[in-house]
Amino acid sequence: MTRYAPSPDAACAAVDDGAVLLHMRTKRYYSLNETGAVIWRLLQDDLPAAEVAGRLVELYDVDRAAAHEAVMRLLHDLTSEALVSVETA
Amino acid sequence: MGGARAAAGRVSVSPVVWRWGGVDASEDGEHLCLMHRQADARVFVRGGRLVSGSGYENAAPKARRELARVGAIVRLRQRGRYFVHAAGAVDPQGRAWLLAGDSGSGKSTLAYSLSRSGWTILGDDGVLIELAGSEVRACAWHAPLEVSSTLASAFPELRAHVARARPNDPRRRVSMNVPLASRARVVALVFVERAECHAITTLGPLAALGALVRQSPWVIIDDAYACPHLDALRRAAALPSFRLEHTPAELHTVARILMEALP
């Protein structure tokens, strides 16, 4: 199973309409919109991608396929910026 | 909430630039290195202390002062006071407003205009913010308020000071005495920029926080103070925030514009 773990080099500040992430090593900062911030929080709770998508289905009016696509797209972005690491068991 | 929003878990990226005046900062192992570009002089921040590095002893006093000021920004951060590249002005009700923006965005000019309307000034190119209970408080970072003498048509009193304009300064700035404040509760953030047309619009907390990080880049120094610094910016970003696009026509009305913007 593939798990995505938030980088220990990332600091997050959540606000009402999203979150800002700081990458303490690359010295870049990132804005996540509201949905992105929810996904980040669920990743911090150590949920696998499939469960994150499942939570989005519960939280929002979205079908599982669209939620999964949104999660995987964000994970791709976060991984390419070294904000999450990929662990394959 | 619709599916379209759920499907838009987007991330946007911005680099942090560690530069203030003539000083660049970089991390050197566990320490922070401050380098004055023109003087090629260095100061290190080690264990909360400033330690002179190469070129410092022979640097001109102005370069040493600039290095010391940036060093002070870093050290104050360790005491829960966070520098923000913003003007700070206190309205007649005793409430502080932060006017943040990039260099040349009009912070000093607007602060000077506000001072002419009876506001007091915490700083025109920087303020310190700190958390005090449920409040975000702004503290003074006093330096001479410098206004472009080319604005004499809007501010006629500047004509008497044109001769004092700094030589070789394309903006022909002069320092002006204005009424000062020492600290006050922050009630609003205003991100200012020059524009062709005037507009004031509300900013959400995410946009405000991103803009604040840009104007307080020391938040991303990788040390034990990063999280409290980020939390202070987050708390500030939760305050009412605006983007003010301004033209010369607003120089005499900015006080009214701001007071009308806050419910």
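Residues numbered from 1 in each chain as written. Chains lettered and ligands numbered in written order. Predicted model: local features only at pLDDT ≥ 70, side-chain atom pairs only at ≥ 80, totals over all residues. Heavy atoms only, no water.

Tallying secondary structure elements over chain A gives three helices and five strands in all. For chain A, the α and β elements follow one another from N to C terminus as β-β-β-β-α-α-α-β. Relative to the 2.2 N^0.38 estimate, which gives 12 Å for 89 residues, the radius of gyration of chain A is 12 Å and therefore close to what a compact globule would have. In terms of overall dimensions, chain A has C-alpha extents of about 35 × 35 × 20 Å along its principal axes. Of all 89 residues assigned to chain A, the portion counted as buried reaches 49%. For chain A, the share of sequence-separated contacts (at least 6 apart) that also reach a separation of at least 24 residues comes to 48%. Counting only carbon and sulfur atoms, one obtains 48% of the accessible surface of chain A, whose full area is about 4200 Å². Across chain A, the 8 positively charged side chains and the 14 negatively charged ones have centroids separated by 6 Å. (Helix = DSSP H or I, 4+ residues; strand = E, 2+ residues; numbered from the N terminus. Rg over C-alpha atoms; globule rule 2.2 N^0.38 Å. Buried < 20%, exposed > 50% of the residue type's maximum accessible area, 1.4 Å probe, protein only. Contact = heavy atoms within 4.5 Å. Areas by Shrake-Rupley, 256 points an atom, 1.4 Å probe, with all protein chains shown as cover. Lys, Arg positive; Asp, Glu negative; His and termini not counted. Charge placed at Lys NZ, Arg CZ, Asp CG, Glu CD.)

Core analysis: the biggest nonpolar cluster contains 61 residues, and Leu 22 of chain A together with Trp 218 of chain B have the highest contact counts within it. Looking at which domains feed residues into this core, each of domain 1 (16–78) and domain 2 (82–261) of chain B supplies at least three. For Leu 22 of chain A, the residues in contact, after removing those within four places along its chain, are Asp 9, Ala 10, Ala 11, Arg 28 and Tyr 29 of chain A together with Val 213, Val 219, Ile 220 and Leu 230 of chain B. (Core = buried A, V, L, I, M, F, W, Y, C linked by side-chain atoms within 4.5 Å. Domains from an automatic or database assignment.)

Summary statistics for chain B give a mean pLDDT of 90 and a share of 93% for residues scoring 70 or more. This complex was scored by the predictor with a pTM of 0.90 and an ipTM of 0.92. (pLDDT = per-residue confidence, 0-100.)

Moving on, we come to the layout of surface pockets. Size it by volume and the largest pocket reaches roughly 1600 Å³. Around the largest pocket, the lining comprises 50 residues; the ones closest to its centre are Gly 21, His 85, Ser 103, Asp 125 and Arg 173 of chain B. Each residue belonging to the lining of the largest pocket can be placed in one class, and the counts come to 18 nonpolar, 16 polar and 16 charged. Domain assignment of the residues forming the lining of the largest pocket places at least three in each of domain 1 (16–78) and domain 2 (82–261) of chain B. In this structure, the second largest pocket occupies an estimated 290 Å³ of space. Lining the second largest pocket are 18 residues, with Phe 191, Glu 193, Ala 211, Arg 214 and Gln 215 of chain B sitting closest to its centre. Secondary-structure elements contributing two or more residues to the lining of the second largest pocket are β4 (28–33) of chain A together with β1 (11–15), β15 (183–194) and α4 (205–215) of chain B. Ranked by the residues each element gives to the lining of the second largest pocket, the list is headed by α4 of chain B, at five residues. A per-class count over the lining of the second largest pocket returns eight nonpolar, six polar and four charged. (1 Å grid on protein atoms, 1.4 Å probe; cavity = no way out; pocket = protein on both sides within 12 Å on 5 of 7 lines; lining within 4 Å. Points joined across faces, edges and corners; volume = space filled by probe spheres on them. Nonpolar A, V, L, I, M, F, W, Y, C, P; charged D, E, K, R; others polar.)

A word on unusual backbone geometry. All names here are of chain B. Backbone geometry places Asn 168, a non-glycine residue, at a positive phi of 65°. Its location among the elements puts Asn 168 in the loop between β13 (145–148) and β14 (173–176). Located in the positive-phi region is Arg 172, a residue other than glycine, with phi close to 50°. Of the residues examined, Arg 172 reaches a relative accessible area of 33% and is grouped as partly exposed.

Right, let's talk about the pattern of salt bridges for a bit. Taken as a whole, this structure holds 22 salt bridges over all chains when the rule is applied. With its nearest N and O atoms 3.7 Å apart, the salt bridge here joins Arg 3 of chain A to Asp 46 of chain A. With Arg 3 of chain A in strand β1 (residues 2–6) and Asp 46 of chain A in the loop between α1 (34–44) and α2 (49–59), the pair connects residues that are 43 residues apart, well separated along the chain. Among the residues examined, Arg 3 of chain A registers a relative accessible area of 27% and is labelled partly exposed. Connected via shared salt-bridge partners are Arg 81, Glu 130, Arg 137 and Arg 183 of chain B. (Salt bridge = Lys/Arg side-chain N within 4 Å of Asp/Glu carboxyl O.)

Let us now look at the packing of α4 of chain B against helix α5 (residues 226–237) of chain B. Residue and element names in this part refer to chain B. Put simply, α4 and α5 touch, their axes get as near as 8 Å, and they point 135° apart. Compared by their axis directions, α4 and α5 come out oblique. Considering only the axes of α4 and α5, their crossing is right-handed. For the pair α4 and α5, the contacting residues are Pro 205, Ala 208, Leu 209, Leu 212 and Val 213 in the first and Leu 233, Arg 234, Ala 236 and Ala 237 in the second. Here the contact of α4 with α5 is composed, by residue class, of eight nonpolar, no polar and one charged. (Axes fitted to C-alpha atoms, helices over the stretch in contact; angles between N-to-C directions. Parallel < 35°, antiparallel > 145°, perpendicular 65-115°, else oblique. Left-handed = near helix turned anticlockwise from the far one by under 90°.)

On to the state of the cysteines. Scanning the model with the defined rule gives zero disulfides over all chains in all. With no disulfide of its own, Cys 12 of chain A lies closest to Cys 227 of chain B among cysteine sulfurs, the gap being 9.9 Å. (Disulfide = S-S within 2.5 Å.)

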